[in-house]
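Residues per chain, in single letters:
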Amino acid sequence: MNVAIAKTAAEKALGERFEDVHGKLPGGDDVADVRRKAFGVLMALGLPHRRVEEWKYTDLRARLKSVGMIDPDHRASLAASKLDTALGPLADVQAVRVVLVDGVYSAELSTRELPDAIKITPLSEALAADASVLTGENALQREADESVVALNTAFATDGAVIEIATGATVAKPIMLVQVRSGDEARISATRNVVKVGAGAKVTLVEAIVSVGDASATADDGAVLNTATRISVGDGAHVTHVSSNTDRGAVHLGTWSADIGAETVYRPFYFSASPALARNQLFLTFAGEGAALDASGCFLARGREHIDNTLLIDHAVPACESRELFKGVLDDTARGIFQGKVVVRKIAQKTDGKQMAQALMLSPTCEFDSKPELEIYADDVVCGHGSTCAEIDPDLVFYFRSRGIPEATARALLMESFVGEAIEQIEDEPVADAISELARGWLNDLRADAA
Amino acid sequence: MLEIKDLHVSLEEEGTEIIKGLSLTVPKGEVHAIMGPNGSGKSTLANVLAGRDDYEVTSGNILWNGESVLEMEPEERAAAGIFLAFQYPIEIPGVAGLTFLRTAMNAQRKARGEGELSTPDFLKTVKAKGGELNIDVEMLKRPVNVGFSGGEKKRSEILQMALLEPTLCVLDETDSGLDIDALRVVSEGVNALRSPDRAMLVITHYQRLLNHIVPDQVHVLARGKIQKSGDKSLALELEKSGYAEFAGAA
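Please read these numbers as outputs of a predicted model, since none were measured by experiment. (Residues numbered from 1 in each chain as written. Chains lettered and ligands numbered in written order. Predicted model: local features only at pLDDT ≥ 70, side-chain atom pairs only at ≥ 80, totals over all residues.)

Focus on the overall build of chain B
Along its length, chain B carries nine helices and 10 strands. Rg of the C-alpha trace for chain B: 18 Å, near the compact-globule value of 18 Å for 250 residues, within the 12% margin. Taken along its principal axes, the extent of the C-alpha atoms in chain B is 55 × 40 × 35 Å. Counting the 250 residues in chain B, one finds 42% classified as buried. For chain B, contacts bridging at least 24 residues in sequence account for 72% of all contacts bridging at least 6. (Helix = DSSP H or I, 4+ residues; strand = E, 2+ residues; numbered from the N terminus. Rg over C-alpha atoms; globule rule 2.2 N^0.38 Å. Buried ≥ 20, exposed ≤ 12 C-beta atoms within 10 Å, placed from the backbone. Contact = placed C-beta atoms within 7 Å.)

Encoded structure:
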């Protein structure tokens, strides 16, 4: 017998918001049907909580006290200079920009002249035609059993449909900027579809930022739910970076990826001081000989909470997966790594490795690391490891004996620690910008400790 | 001048006394060797001079140029010219040798009120001094000591010493783990730093190192204090007779 659980305030609010706005969300009747079905899934499942194994360490039901407003007609105006300030070092990366402000595509802030090999359509425009951008091969994995995914489909206001031509080498990264503005707490849901043609080479960056006056916090119900459906054609090479520096808000991010034969897919997750972030990657190997290199850097202090959860499905033989996540935790912050790798019976010659490491600066922070391997094939090489530790006092003494002050020594050691993950980003300007963001975070930590 | 006066040192955690009334004076311009059996307190002395906090000085004093260093942090001691060449140089994953050297040199310059080194000046100095020690700049682009052989680690220590130009050099068993060729290179590096402005304390088990780095004075450390002092011939005597003479009860 199922025990009906009373709905929380946030769940009730989500129900009310849907009734209020669903008629105003982009798309015709077919889209409305897809949304209603997803909403049904969301209401049936409720928000994820600790008894859902994959959400064991991130009890969203308990943590999300309320959800902010949704206004599909809201159009914030934002000066380009303010956006650059919010992007920090990422503003200096020469990129094709697609900008979403409070969940809505901004033609003004987005790059107008696109290289021939790239086609970008706002999601709202695609939805106006029909629902195909949300369904069939474009549907996210886990639509039926993952409420964060269902929430996205039900509420998505806008996003980008990005198509990279077959065989194209895209020189500049494509930067999808999601910016939160204004002082009102909003819940935004954005949905992106990325199709990388066979043999193409591209760097995608998703930058999640807030402008200075976005004062609403997670406690007020400031939530950004993003989902990206990405399909990588055979032989393509994709670097896919998420950079979340939106302090104070809740970010629920889902990437749902299918990667073809002989592809190289390199996702990277950088999270610095979100109130709560869940980065989830559902990836299916769709063709043989592909390589996944997933990595990330998580930086949290205070009560912040960063959860990196991967579900990698080796559905075909002879693919390789690597996971390397490194983070620094202070105060009562919590870092989570779940790196599940499933190796199906058919997936012989799979090579999978997972590593998650945290530096713990306080006795009260917490690192929950759950590398998981579910192997049904018998001819595979798989391994996992995890460490958590304080900064090694012997290392600090070595620095100090050479005249380097303790705080500098600790900062350098932390920087080099997370640097091992950041150097996984192959695109050099992007890697430099992420390094600078990490350094900035560590410097703030040092300044506040002094 | 280094003056150690009736020094008593215990292990911070267990409280075991390791150095039991050690007195020693090393004037500038001189090289003194400290020899002694295992467990006599040699490495403890080296670490206490550098300011490691696993040890507690329970009484006595250490004066460098007339000032007590006991209340000084390790980085302050370094800025005051004290350098410890580690017996086991530590591997620092992720921090490039050049970054480490530059950060150290600039930190010390800053502590002395000097400006930072420019990149070309820094690289020029590193290349010149590294060359003398057979250390290639390429090697210094790698993380500090990571994957280095025993000899490379010790040469890297001496390079740090040559670049930081300390006035008190403490070498803790610098000969351990070195083959004859590496020993020669390291010793030449150390000898090149001998100067009227610099005092050196060379800690070793074996007389062999002292053939290369010839000391002005040799002290025998056993059971936590200096048992005997003499000139370089004392090292040769010890090589023959061993430390048995000093191994009895205090």
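Regarding the sheet that holds strand β5 (residues 67-68) of chain B
Residue and element names in this part refer to chain B. Taken in spatial order, the four strands of this open sheet run β2-β1-β4-β5, and their pairing is antiparallel. Since the sheet does not close on itself, it has two edges, and those belong to β2 (17-26) and β5, each with one partner. The sheet contact formed by strand β1 (residues 2-11) and strand β4 (residues 55-64) spans eight bridges and is antiparallel. If you follow His-8 over to β4, its bridge partner there is Ser-59. Each of β1, β2 and β4 touches helix α1 (residues 42-50); the most contacted strand, β4, lies at about 70 degrees to it. (Pairing = 2+ DSSP bridges. Axes fitted to C-alpha atoms, helices over the stretch in contact; angles between N-to-C directions.)

As for the interface of chain A and chain B
Counting residues at the interface gives 16 residues for chain A, matched by 20 residues for chain B. Residue composition of the side of chain A that touches chain B, grouped by class: seven nonpolar, five polar and four charged. (Nonpolar A, V, L, I, M, F, W, Y, C, P; charged D, E, K, R; others polar.)

Let's talk about unusual backbone geometry
All names here are of chain A. One non-glycine residue, Arg-142, lies in the positive phi region at around 70 degrees. Even without being glycine, Ser-273 reaches a positive phi, approximately 55 degrees. Mapped onto the secondary structure, Ser-273 falls in the loop between β11 (264-272) and β12 (276-285).

Overview of helix α2 (residues 29-45) of chain A
All names here are of chain A. The end-to-end C-alpha distance of α2 is 24 Å, a good match for the 24 Å that 17 residues give at a rise of 1.5 Å each. Of all the residues in α2, the buried ones are Val-31, Val-34, Arg-35, Ala-38, Phe-39 and Leu-42. Along the axis of α2, the buried residues cluster in a sector spanning 135 degrees; they form a single face. When the buried face of α2 is taken as reference, the exposed residues oriented beyond 90 degrees from it are Asp-29, Arg-36, Gly-40 and Ala-44. (Expected span 1.5 Å × (residues − 1). Arc of directions from axis to C-beta.)

A look at the pairing of strand β14 (residues 305-314) of chain A
Successive residues of a regular strand alternate their side chains across the two faces of the sheet. All names here are of chain A. Where burial is concerned, most of β14 is hidden: 10 out of the 10 residues are buried. Burial of the side chains of β14 extends over both faces: His-305, Asp-307, Thr-309, Leu-311 and Asp-313 are buried on one face and Ile-306, Asn-308, Leu-310, Ile-312 and His-314 on the other. Across nine bridges, the pairing between β12 and β14 is parallel. Bridge pairing in β14 places Thr-284 opposite Asp-313. Bridge analysis of β14 against strand β16 (residues 334-343) gives 10 bridges, and the strand direction is parallel. Opposite His-305, over in β16, you have Arg-334 as the bridge partner.

What to know about the nonpolar core
The biggest cluster of nonpolar side chains holds 214 residues, and the ones touching the most others in it are Val-177 of chain A together with Val-170 of chain B. With sequence-adjacent residues up to four places away left out, Val-170 of chain B is seen in contact with Ala-46, Leu-49, Ala-50, Phe-83, Leu-84, Ala-85 and Leu-201 of chain B. (Core = buried A, V, L, I, M, F, W, Y, C linked by C-beta atoms within 7 Å.)

Regarding α1 of chain B
Counting buried positions over the nine residues of α1 of chain B gives eight, a clear majority of the element. Residues of α1 of chain B that are buried include every one of Lys-42, Thr-44, Leu-45, Ala-46, Asn-47, Val-48, Leu-49 and Ala-50 of chain B, and no others.

As for the sheet that holds strand β6 (residues 187-196) of chain A
Sheets are built from strands paired through backbone hydrogen bonds, the pairs being either parallel or antiparallel. Residue and element names in this part refer to chain A. One open sheet accounts for nine strands, arranged β3-β4-β6-β8-β10-β12-β14-β16-β18; its pairing is mixed. Either end of the sheet is taken by a strand with one partner, and the two such strands are β3 (118-122) and β18 (366-375). The average angle at which neighbouring strand axes cross in this sheet is 10 degrees, direction not considered. As defined by bridge partners, strand β8 (residues 223-232) adjoins strand β10 (residues 250-259) across 10 bridges and the pair is classed as parallel. Bridged to Asn-225 within β10 is Leu-252. Lying over the sheet, helix α6 (residues 147-155) contacts β6, β8 and β10, oriented at roughly 95 degrees with respect to β8.

A closer look at the pairing of strand β3 (residues 31-35) of chain B
Residue and element names in this part refer to chain B. Counting buried residues in β3 gives five out of five residues, a clear majority hidden from the surface. Covered by surrounding structure in β3 are Val-31, Ala-33 and Met-35 together with His-32 and Ile-34, the residues of both alternating faces. Taken together, the five bridges between β3 and strand β8 (residues 199-204) define a ladder with parallel strand orientation. In the strand pairing of β8, Ala-33 is matched with Val-202.

With respect to the packing of helix α8 (residues 406-422) of chain A against helix α9 (residues 428-449) of chain A
Residue and element names in this part refer to chain A. It is the contact of α8 with α9, at a shortest axis distance of 10 Å, that shows an interaxial angle of 150 degrees. With respect to α9, the axis of α8 lies roughly antiparallel. In this structure, α8 meets α9 at a crossing whose hand is right-handed. In this structure, α8 contributes Ala-407, Ala-411, Met-414, Glu-415, Val-418, Gly-419 and Ile-422 to the contact, and α9 contributes Ala-431, Ile-434, Ser-435, Ala-438, Arg-439, Leu-442, Asn-443 and Arg-446. For the contact of α8 with α9, the per-class residue count stands at nine nonpolar, three polar and three charged. (Parallel < 35°, antiparallel > 145°, perpendicular 65-115°, else oblique. Left-handed = near helix turned anticlockwise from the far one by under 90°.)

Re the environment of Ile-120 of chain A
Residue and element names in this part refer to chain A. By the element assignment, Ile-120 lies in strand β3. A sequence separation of 41 residues divides Ile-120 from Val-161, and the C-alpha atoms of the two residues are 5.5 Å apart. For Ile-120, the residues in contact, after removing those within four places along its chain, are Val-98, Leu-114, Ala-160 and Ile-162.

Description of the confidence of the model for chain B
Residues and elements named next belong to chain B. Of all residues in chain B, 99% have pLDDT values of 70 or greater, and the mean over the chain is 93. The least confident element of chain B is helix α9 (residues 233-241), whose mean pLDDT is 88; the most confident is strand β6 (residues 82-85), at 97. Quick note on the complex model: pTM equals 0.88, ipTM equals 0.95. (pLDDT = per-residue confidence, 0-100.)

Here's the deal with the environment of Gln-354 of chain A
All names here are of chain A. Within the element layout of this structure, Gln-354 appears in strand β17 (residues 351-360). For the pair Gln-354 and Gly-383, spaced 29 residues apart in sequence, the C-alpha to C-alpha distance is 6.3 Å. The contact partners of Gln-354, leaving out residues within four places of it in the chain, are Glu-323, Gly-339, Val-341, Pro-371 and His-384.

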